[in-house]
Amino acid sequence: MRQLYTSPRQENIDRVAKLLKEQGIECTIENRSNYNRGTYQRFSYTQRQENRDNWAQVWVTRADDYTRARALLKELGIEPVVRHGEELALARNATPDMKRQGMANRVRRIVMLAVAGAFVVLMLRYMGVI
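Not measured: the values here are computed from a predicted model.

J.: Please provide a residue-by-residue account of the overall build of the protein, values included.
T.: Counting its regular elements, the protein contains 4 helices and 3 strands. Sequence separation of at least 24 residues holds for 74% of the intrachain contacts in the protein that already meet a minimum separation of 6. For the protein, the computed accessible surface area is about 10300 Å², with 54% contributed by carbon and sulfur atoms.

If you want it as structure tokens, here you go:
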């Protein structure tokens, strides 16, 4: 089994599962809420701190059907799940804050290496090697 799609909205999960079953692709739904409640919840797809593992998930049962299911979702304009997709996108398109932070980390490392080098030279002089 491979995960194909995840969403906090139960309606989306049901629609994707129905579409896959109409196309003859076996699928199962994980993390579905079993109790009856209003389906509207305040959430944001861009919220990075939320644990998406708790969202309902559509899994394709047979590995042979996975590529067909992904192609079907892409035709509809739905991007299938990509592991660590957000992190990959952020790494490829770094924001100015991330670039600044990366530069600061590099400068810190260079300064630490310089301090360590100076310490080694002082220790070698103290021991009389140099």
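Structure's up, so let's keep going.
J.: Please provide a residue-by-residue account of helix 4 (residues 96-127), values included.
T.: Between its terminal C-alpha atoms helix 4 stretches 47 Å, which fits the 46 Å expected from 32 residues at 1.5 Å a residue. A positive backbone phi angle near 85° is found at G128, which sits one or two residues after helix 4.

J.: Can you break down the environment of S7 residue by residue, with the values?
T.: Note that S7 resides in strand 1 (residues 2-7). Once the C-alpha coordinates of S7 and W55 are considered, the two residues, 48 residues apart in sequence, prove to be 5.8 Å apart. Of the polar contacts made by the side chain of S7, one reaches the side chain of N12; its length is 3.4 Å.

J.: Any details on the nonpolar core? Residues and values, ideally.
T.: For soluble globular proteins, nonpolar side chains are generally found buried alongside one another. Among the nonpolar cores identified, the biggest contains 16 residues, and L4, Y5, V16, L20, V58, V60 and A69 are the most heavily contacted of them. Elements represented by at least two residues in this core include exactly strand 1, helix 1 (10-22), strand 3 (56-60) and helix 2 (66-76). Here this core takes 5 residues from helix 1, the largest share from any one element. Once residues within four sequence positions are removed from consideration, L20 is found in contact with L4, I25, C27, V58, A69 and L72.

J.: For the confidence of the model for the protein, give the residues involved together with the corresponding values.
T.: Interpretation of the predicted coordinates at a detailed level should be avoided for regions scoring low in pLDDT. Of all residues in the protein, 82% attain a pLDDT of 70 or more, and the chain-wide mean is 84. Averaged pLDDT values over the elements of the protein bottom out at 73 in helix 3 (residues 85-92) and peak at 95 in helix 4.

J.: For the packing of aromatic side chains, give the residues involved together with the corresponding values.
T.: Taken as a whole and judged by the stated rule, the model has 0 aromatic pairs. When the ring centre of Y66 is taken as origin, the NZ or CZ atom of R2, which lies over that ring, is 4.1 Å away.

J.: Give me the sheet that holds strand 3: which residues, what numbers.
T.: On the basis of which strands lie adjacent, the open sheet formed by 3 strands has the order 1-3-2 and antiparallel pairing. The open sheet is flanked by strand 1 and strand 2 (27-30), the only strands paired with a single partner. Direction aside, the axes of adjacent strands within the sheet are offset by 25° on average. Here strand 1 pairs with strand 3 via 5 bridges, running antiparallel.

Conventions and cut-offs
- Residues numbered from 1 in each chain as written.
- Predicted model: local features only at pLDDT ≥ 70, side-chain atom pairs only at ≥ 80, totals over all residues.
- Heavy atoms only, no water.
- Helix = DSSP H or I, 4+ residues; strand = E, 2+ residues; numbered from the N terminus.
- Contact = heavy atoms within 4.5 Å.
- Areas by Shrake-Rupley, 256 points an atom, 1.4 Å probe, with all protein chains shown as cover.
- Expected span 1.5 Å × (residues − 1).
- Polar contact = N/O pair within 3.5 Å; in protein donor to acceptor, adjacent residues only side chain to side chain.
- Core = buried A, V, L, I, M, F, W, Y, C linked by side-chain atoms within 4.5 Å.
- Buried < 20%, exposed > 50% of the residue type's maximum accessible area, 1.4 Å probe, protein only.
- pLDDT = per-residue confidence, 0-100.
- Phe/Tyr/Trp six-rings, centres within 6.5 Å; stacked < 30°, edge-to-face > 60°.
- Lys NZ or Arg CZ within 6 Å of the ring centre and 35° of its normal.
- Pairing = 2+ DSSP bridges.
- Axes fitted to C-alpha atoms, helices over the stretch in contact; angles between N-to-C directions.

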